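Notes for the structure review
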Amino acid sequence: MAECRSFPPVYAPDARVLILGSMPGEASLKAGQYYAHARNAFWPIMFSLWEEPPAAQYDQKTALLLRRRIALWDVASVCEREGSLDSAIRGAAANDFAWLFAVCSGIHTVFFNGQTAFSMYHRLCGSVGADKRRVRLPSTSPAYTLPFARKLEAWRAVRLAAERGSAEG
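All residue numbers refer to positions counted from 1 along the written sequence of the respective chain. Given that this is a predicted model, residues contribute local features only at a pLDDT of at least 70 and side-chain atom pairs are listed and counted only at 80 or more, while totals for whole chains, interfaces and linings are drawn from all residues. Side-chain measures were taken over the full set of non-hydrogen atoms in the model, leaving aside hydrogen atoms and water.

**As for the state of the cysteines**
For clarity, the cut-off: Cysteine sulfur atoms that pair up within 2.5 Å are treated as a disulfide. Burial classification: accessible surface area is computed with a 1.4 Å probe over protein chains only, and a residue below 20% of its type maximum counts as buried, one above 50% as exposed, and the rest as partly exposed.
Per the stated rule, a full pass over the model turns up zero disulfides. Cys79 provides the cysteine sulfur closest to Cys4, a residue in no disulfide bond, and the two sulfurs are 4.6 Å apart. Cys4 sits in the buried class, given a relative accessible area of 6%. Cysteine Cys125 remains unbridged, with the sulfur of Cys79 as its closest cysteine sulfur at 14 Å. On the accessibility criterion, Cys125 (10% relative accessible area) is buried.

Written out as C-alpha cells, the structure reads:
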C-alpha cells in the first residue's frame, strides 16, 4: 500500500463553514490540488452554488471558497491506500481540527463530502468540534453515481450556511 498525505487546509480566519473530504485521490495527489479529477463534481458544484462561471486555475477556485467564507480540508492527514477509493483507506490519522477551529473560531457548520469522511471524522476525532453542526452530503466523487442535479441540490446547504453568521442565524 502507498502512503498518502493530505494537503494543508484552504482557509481564512473568517471562515463560517468547513468542508471535509476523506483523503485526496490519486489525480489530486499528483496535481497537488484538491478535487483535481476531471469528473469530480466538487468545483462545478461550488461555482454553480454562486452562479459564477467555472474557473480553470486552481488559485481562482480556492479564491471562490475564501470569498464565500468556506474552509476546505480532509479528515485524514495521512493514510495508506492503493488507488483512489475511500474503501481502500487504511491506518488513517486525523488532521488537527482543534487547531483549525481555534484559528477559524467562526466555523459553525462542518460539511462532509460523503459517508466515508463523515464516519472517519466521528471515529478519529470524537468530540473535537462537538459544538459545530455536522452535515453529511453526497460525495462529489465520480464513483458516487448520483446525478449532478441531485448532488447540487443537496450541496445548496453549503451556501445557506456560509451566508449565515452563526449556526442558528
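**Here we look at the packing of aromatic side chains**
Let me state the cut-off plainly: In this scheme Phe, Tyr and Trp rings, the latter by its six-membered ring, pair at centre separations within 6.5 Å, and the angle between planes marks the pair as stacked below 30 degrees, edge-to-face above 60, and tilted otherwise. Helix and strand assignments follow DSSP, with helices taken as H or I runs no shorter than four residues and strands as E runs no shorter than two, numbered in order from the N terminus. A ring is considered to have a charge above it if a Lys NZ or an Arg CZ atom is located within 6 Å of its centre and within 35 degrees of its normal.
Here the structure, examined in full by the defined rule, presents 13 aromatic pairs. Look at Phe42 and Trp155: their rings are 5.9 Å apart centre to centre, the planes differ by 85°, and that puts the pair in the edge-to-face class. Highlighted residues: Phe42 in helix H2 (residues 42-49) and Trp155 in helix H6 (residues 148-162), separated in sequence by 113 residues. Neither Phe42 nor Trp155 differs from the other in exposure class; each is buried. With centroids separated by 5.3 Å and ring planes inclined at 85°, the aromatic side chains of Phe112 and Phe118 adopt a geometry described as edge-to-face. With a relative accessible area of 23%, Phe118 lands in the partly exposed category. Ring pairing ties together the aromatic residues Tyr11, Trp73, Phe97, Trp99, Phe101, Phe112, Phe118 and Tyr121, which thus form one cluster. The ring of Phe101 carries Lys132 above its face, with NZ or CZ at 5.0 Å from the centroid.

**Description of the nonpolar core**
Spelled out, the test is: What is meant by a nonpolar core is a set of buried Ala, Val, Leu, Ile, Met, Phe, Trp, Tyr and Cys residues, joined one to another through side-chain atoms within 4.5 Å. In what follows, a contact means two residues having at least one pair of non-hydrogen atoms within 4.5 Å.
Judged by nonpolar contacts, the single largest core of 50 residues is most densely connected at Leu18, Ile19, Leu20, Met46, Ile70 and Leu72. For this core, the leading source of residues is H2, giving six residues. Apart from residues no more than four positions distant in its own chain, Met46 is found in contact with Ile19, Leu64, Leu65, Ile70 and Trp155.

**Concerning helix H5 (residues 115-125)**
Put simply, the rule reads: Throughout, the arc means the angular range of directions from the helix axis out to the C-beta atoms.
Among the residues making up H5, those that are buried are Ala117, Met120, Tyr121 and Cys125. Taken around the axis of H5, the buried residues stretch over an arc of 105°, which confines them to a single face. Just beyond H5, the residue with positive phi is Gly126, at close to 55°.

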